[in-house]
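These are the residues of each chain, in order.
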Amino acid sequence: MTLTFYIARRFLKMFGLVFSVFAAILLMIDVIDQLRRAGVTLGGAFYLSLLNVPESLYQILPLIMILTAIALFLGLARSSELVVVRAAGRSGLHFLLAPVMMALLIGAVAVAVFNPLVAATSKAYERLSAQRGQAGSVLSLSEDGLWMRQGNETGQSVIKAERSDPSGTTLQVVTVISFGPDGTPTGRIEAMSAELLPGEWLLHGAKRWSLGDQNPELTAEAMSEDIRLPTDLTLDRLRDGFGAPSAVAFWALPSYIKALERAGFSARNYQVWMQMELALPVLLAAMVLIAAGFTMRHARFGKTGQMVLLALLGGFLIFFLRNFAQVLGQNGQIPVILAAWSPPIAAAFLALGLLLHLEDG
């Protein structure tokens, strides 16, 4: 147990060091990028970078893990501690128990704690970006259905619908409330359905109220023909309005997926992302095994640079295959479970097979 705790402590220290180095580099780059934009002070740029950098760190967590494992094994090899451990009767696989367990623990903490933090900082960054004139979200979900906003030079409109078709171009049970330039409501339209066409909404079975009248119900008008409502929304903007799956906290993903399905949208992207988050600890453990397969050897064998390069290439290959499987899963070409779990599990077994070959011949 003493040796296990020693290796685990060394691994955690190395992970903290590599993580801090990457955090400092990304923070510096992002601060410089924020300062290039007009109207941003040094303090404001630093604050925006603090909100933006966690998402980048979370995305490269597998890379940080494999670099941590490579640095750990190279350090133990140069100090001949690996030789001492094997001379004491401990096999290489037994030695790897502590790093793998630490990788699983770090992955679990990342999903349970760091993921919600990244989601919160990403939303805060998007909100501040929208205040600075950049594009913001035009769509949100609730238990009552989905809400959209659109605007032009005459004012803003809020659209509420109970459900939609999977493409988002046809809404059912629609309510449209129009606001004037001063923010006061000017009109209301209720329709059985609404179809998104280029530059306009086509409302079917509509009834219109003028909210400027003293008694809007007396002047309400049931339209016998379809109403055309101008809009600046497009299908791409509606799809982007949901935001990336990473912008939703892990613990909120199940309810968000149910809300999407209840509204009539496809939640496959979010289902794939949730399963990939569940598989993240396995992926990090696989990165440790890949690094061990190439670098857990004595320094006197030489070719250290080549082994490090091979370990990094192996890690990048698994990372690429994971992203490729994610795209296939989101497009529906392979099942969700297969897209999320097959790359980390395959990587873990391949690395384990390499280790067994090196240890036992």
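The notes below deal with the structure included here. (Residues numbered from 1 in each chain as written. Predicted model: local features only at pLDDT ≥ 70, side-chain atom pairs only at ≥ 80, totals over all residues. Heavy atoms only, no water.)

1. Let's talk about helix H2 (residues 42-59)
Structurally, the α-helix is built with 3.6 residues per turn, so residues lying three or four positions apart point the same way.
For step 1, the next point in the chain: Its 18 residues place the ends of H2 26 Å apart at the C-alpha level, agreeing with the 26 Å of an ideal helix rising 1.5 Å per residue.
For step 2, the next point in the chain: Along H2, the helix axis deviates most sharply at Asn52, where the bend reaches about 30°; the proline Pro54 sits within four residues downstream.
For step 3, the next point in the chain: Along H2, the positions that sit buried rather than exposed are Ala45, Leu48, Ser49, Leu51, Asn52, Val53, Pro54, Leu57 and Tyr58. (Helix = DSSP H or I, 4+ residues; strand = E, 2+ residues; numbered from the N terminus. Expected span 1.5 Å × (residues − 1). Bend = angle between axes of the 7 residues up to and from the residue. Buried < 20%, exposed > 50% of the residue type's maximum accessible area, 1.4 Å probe, protein only.)

2. Digging into the packing of helix H3 (residues 61-78) against helix H10 (residues 280-295)
For step 1, the next point in the chain: Look at H3 against H10: their axes get within 8 Å of each other, and the N-to-C directions meet at 35°. Read as a crossing pair, H3 and H10 show a hand that is right-handed. Counted together, Leu61, Pro62, Met65, Ile66, Ala69, Ile70, Phe73 and Leu74 of H3 and Leu280, Leu283, Leu284, Met287, Val288, Ile290, Ala291, Ala292 and Thr295 of H10 form the full contact between these two elements. (Axes fitted to C-alpha atoms, helices over the stretch in contact; angles between N-to-C directions. Left-handed = near helix turned anticlockwise from the far one by under 90°. Contact = heavy atoms within 4.5 Å.)

3. Structural notes on the nonpolar core
For step 1, the next point in the chain: Formed by 86 residues in total, the largest nonpolar core has its most connected members in Met65, Phe73, Leu171 and Trp201.
For step 2, the next point in the chain: In contact with Leu171, other than residues within four places in its own chain, are Leu146, Met148, Ile159, Ala161, Arg163, Ser164, Met192, Ser193, Ala194 and Trp201. (Core = buried A, V, L, I, M, F, W, Y, C linked by side-chain atoms within 4.5 Å.)

4. Structural notes on the packing of helix H1 (residues 2-35) against H2
For step 1, the next point in the chain: Closest axis-to-axis distance for the H1/H2 pair is 8 Å, and the angle between their directions is 130°. Relative to H2, the element H1 is oriented oblique. Crossing geometry of H1 relative to H2 is assigned as right-handed. Side by side, H1 and H2 meet where Phe19, Phe22, Ala23, Leu26, Leu27, Asp30, Val31, Gln34 and Leu35 of the first sit next to Leu42, Ala45, Phe46, Leu48, Ser49, Leu50, Asn52, Val53, Ser56 and Leu57 of the second.
For step 2, the next point in the chain: In the contact of H1 with H2, the residues fall into 14 nonpolar, four polar and one charged. (Parallel < 35°, antiparallel > 145°, perpendicular 65-115°, else oblique. Nonpolar A, V, L, I, M, F, W, Y, C, P; charged D, E, K, R; others polar.)

5. Focus: the packing of aromatic side chains
Geometrically, a pair of aromatic rings is defined through the distance of the ring centres and the angle of the planes.
For step 1, the next point in the chain: Within this structure, the stated rule accounts for six aromatic pairs.
For step 2, the next point in the chain: Between Phe320 and Phe324, the aromatic rings sit 6.3 Å apart at their centres with planes inclined by 15°, giving stacked as the arrangement. Here Phe320 and its partner Phe324 are both found in helix H11 (residues 304-330), four residues apart, which amounts to about one turn of the helix.
For step 3, the next point in the chain: A relative accessible area of 52% places Phe320 in the exposed class.
For step 4, the next point in the chain: Here Arg188 stacks its cationic end above the ring of Trp209, 5.6 Å away from the centre of that ring. (Phe/Tyr/Trp six-rings, centres within 6.5 Å; stacked < 30°, edge-to-face > 60°. Lys NZ or Arg CZ within 6 Å of the ring centre and 35° of its normal.)

6. Focus: the environment of Met296
For step 1, the next point in the chain: Examined against the element boundaries, Met296 turns out to sit in the loop between H10 and H11.
For step 2, the next point in the chain: A relative accessible area of 7% places Met296 in the buried class.
For step 3, the next point in the chain: Along the sequence, Met296 and Ala69 sit 227 residues apart, while their C-alpha atoms lie 9.4 Å from each other.

7. What about the pairing of strand S6 (residues 200-210)?
For step 1, the next point in the chain: Relative to S6, strand S5 (residues 185-197) runs antiparallel, the two sharing ten bridges. Within S6, the residue paired with Ala194 across the bridge is Leu203.
For step 2, the next point in the chain: Here S5 folds back onto S6 in antiparallel fashion, the turn holding two residues, of which Gly199 has a positive phi close to 85°.
For step 3, the next point in the chain: Here S6 runs beside strand S8 (residues 227-230); their pairing, made up of four bridges, is antiparallel. Within S8, the position partnered with Leu203 by the bridge is Ile227.
For step 4, the next point in the chain: Inspection of the sheet shows S6 paired to strand S7 (residues 221-222) by two bridges, in the antiparallel sense. Of the residues in S7, the one forming a bridge with Lys207 is Ala222. (Pairing = 2+ DSSP bridges.)

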